[in-house]
Amino acid sequence: QEKKIFMVQGPYPVIRHQLRARGWVERKLPSMGRQLEQHHPLHYAWSPAEEEEEKEEEQCDEDLNGIHDLMSYLVRDRLPNFIWTNFLEATDHELLQQDHVVNHYSRVDAFTTKEGLCLSLQNLPWIEQADPNTFFPRCYRLGTMDEQEAFIEDFRLTAARSLLKLALEEAGDRPVRTKQVPNSAKRAGWHRSHVSHPKHSTAPAGSPLYPELVEEALEVCKQHLGVLRHQDIDRGTPSPCRTCINWDRFLQEYYRVAHEGAGLVLTRQQRKQCQNLLQCLAEQLPQLGMEGKLNIWILKPGAESQGRGIVCTTRLEEVLQLARGFTAPSVQVGRWVVQKYVEQLLTIFGTKFDIRQWFVVTDWKPLTVWFYRDCYLRFCSWPFSLCHLERARHLCNVSVQKWYKTSPDQDPRVPPDKIWSNKQFQEYLAQLGQADAWHQVLVPGMKAAILNTLRSAQDQVGFRKGSFELYGADFLVGEDCQPWLLEINSCPTMRASSAVTRRLCANVQRDTLRLVLDRKNNPTCSIGAFELIYKE
């Protein structure tokens, strides 16, 4: 009569405990248990230790069930009023009555898959007065010919800008030399070629390249600046990449400078031109600072998660081979996205990290968004390096890093469980003299990125009154503390991988139930660390 029958699918003991404490009764469906989870494409791959922990939790549940089992038996033929599942497809649609609360919306792949997020944010300027380039590293869907061509042009222009940056590393007419990439990077098995192949070079790697190469880069960047300044006035302006420059040759010479240690020779006049031109481009390109000078791009299967299939490369030809399915037959041809790698990162103790930030949408019409004030950082297992592109250095996902042992050359101050709370991060920022960065730069930046993303996809989501969804957004942090959105997960893991996540994951589940259940009957009740950041 009180409509307090719930169903939980997936490893959510906190949700089950919290609902039982509120007087709810569980309807158990054996067919929707662990077996169904394991066949889902987003299934979380558990380590042996986690498998053991899961068995212990199940045994605990069995020991404590008692009266709950009896009550569950009595409601076995009743429809649940509240459903918490780790993916909507697992739920029998007969159970999804209009007045029942479910923790998912349909068609959220418009922003929770890499392809969907890429497309939605490309359309953002048509919906809002916002530029996705200020918070989302530029991204292209390689299965679309127009976007593939746009990526090729972007790759070439980035190479030209990067060459100017490399040219400025040394003053005057002295050769500019970049750090030689160690042989160990060439042997790294997970990436596609951060290191140029000597067979593409026509001269020894260390031999200098003369001012003509810099002159070509200057000309390309000048033309590009002209397009950027007049793009709203003259749509017929030709692309700077369609000049008479031989791009194949230019890129091979750029690879030699950036990755093989070749020297550059430039005049003092060219040095001044490089400085002025890059300064002007910085006013037009929000990502000029974070993109670095090695032109690294990261390729991701469009619909995968947990770091599966991710590849880094610095070579245009290898990106295109992947897009055409020549080197990764397990990924559907054309389902790759390619995104600019954030090279200018803020690291902690020389180690890459990202931020997992939760938020809840309780309505799409009107759009209503709640931001969680607590979050956590995920560290890599090995020190950060742009010359070594192993997964252990560059993919912060817990599902990736749990398979790696901490590197011997890792700074001992990096936490052994590779997790920090946002409070620990704020203390670290204060030690850097950036005490205000969290509240004045990072949090406002994350909120704006989340809201702009939701607005861009709002018309595509399957709206359902009375439901809600908890999301996990992943952010990188630039050297200037600017947050860069990487992706949004529709089923963020609630498995504890550390003392920090054990506390925070339990808290966010408890507070989510307060928000979506308790608040209905008592609008003034505590909602924990949630704050309303937007109601349309």
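What counts and what doesn't
- Residues numbered from 1 in each chain as written.
- Predicted model: local features only at pLDDT ≥ 70, side-chain atom pairs only at ≥ 80, totals over all residues.
- Heavy atoms only, no water.
- Helix = DSSP H or I, 4+ residues; strand = E, 2+ residues; numbered from the N terminus.
- Contact = heavy atoms within 4.5 Å.
- Areas by Shrake-Rupley, 256 points an atom, 1.4 Å probe, with all protein chains shown as cover.
- 1 Å grid on protein atoms, 1.4 Å probe; cavity = no way out; pocket = protein on both sides within 12 Å on 5 of 7 lines; lining within 4 Å.
- Points joined across faces, edges and corners; volume = space filled by probe spheres on them.
- Nonpolar A, V, L, I, M, F, W, Y, C, P; charged D, E, K, R; others polar.
- Domains from an automatic or database assignment.
- Salt bridge = Lys/Arg side-chain N within 4 Å of Asp/Glu carboxyl O.
- Buried < 20%, exposed > 50% of the residue type's maximum accessible area, 1.4 Å probe, protein only.

1. Overview of the overall build of the protein chain
Each helix and strand in the protein chain was counted, giving 18 helices and 16 strands. When contacts within the protein chain are restricted to residue pairs at least 6 apart in sequence, long-range pairs at least 24 apart make up 74% of them. Surface summary for the protein chain: the accessible area is close to 24,000 Å², and the carbon and sulfur share equals 50%.

2. A word on empty space enclosed by the protein
Applying the stated criterion across every chain yields a total of three cavities of 30 Å³ or more. One number sums up the size of the second largest cavity: a volume of about 90 Å³. If you go around the second largest cavity, the residues you meet are Y12, W84, T85, N103, H104, E469, L470, S490, C491, P492 and M494. Listed by contribution, the elements that provide at least two residues to the lining of the second largest cavity are β3 (82–85) and β14 (469–477). Of the residues in the lining of the second largest cavity, the class split is six nonpolar, four polar and one charged. Per-domain counts for the lining of the second largest cavity show at least three residues from each of domain 1 (5–30 + 39–102) and domain 2 (109–135 + 344–535).

3. Some thoughts on the pattern of salt bridges
Overall, the coordinates contain 26 salt bridges when judged by the stated rule. The closest approach of N and O atoms between E26 and R16, which form a salt bridge, is 2.9 Å. On the criterion of sequence distance, the pair formed by E26 in strand β2 (residues 25–26) and R16 in helix α1 (residues 13–21) is long-range, its members being ten residues apart. Both residues of the pair, E26 and R16, count as buried. Each member of the salt-bridge network shares a partner with another, and the members are R138, D154, R161, K165 and E291.

Function-wise, these values are silent; they only describe arrangement.
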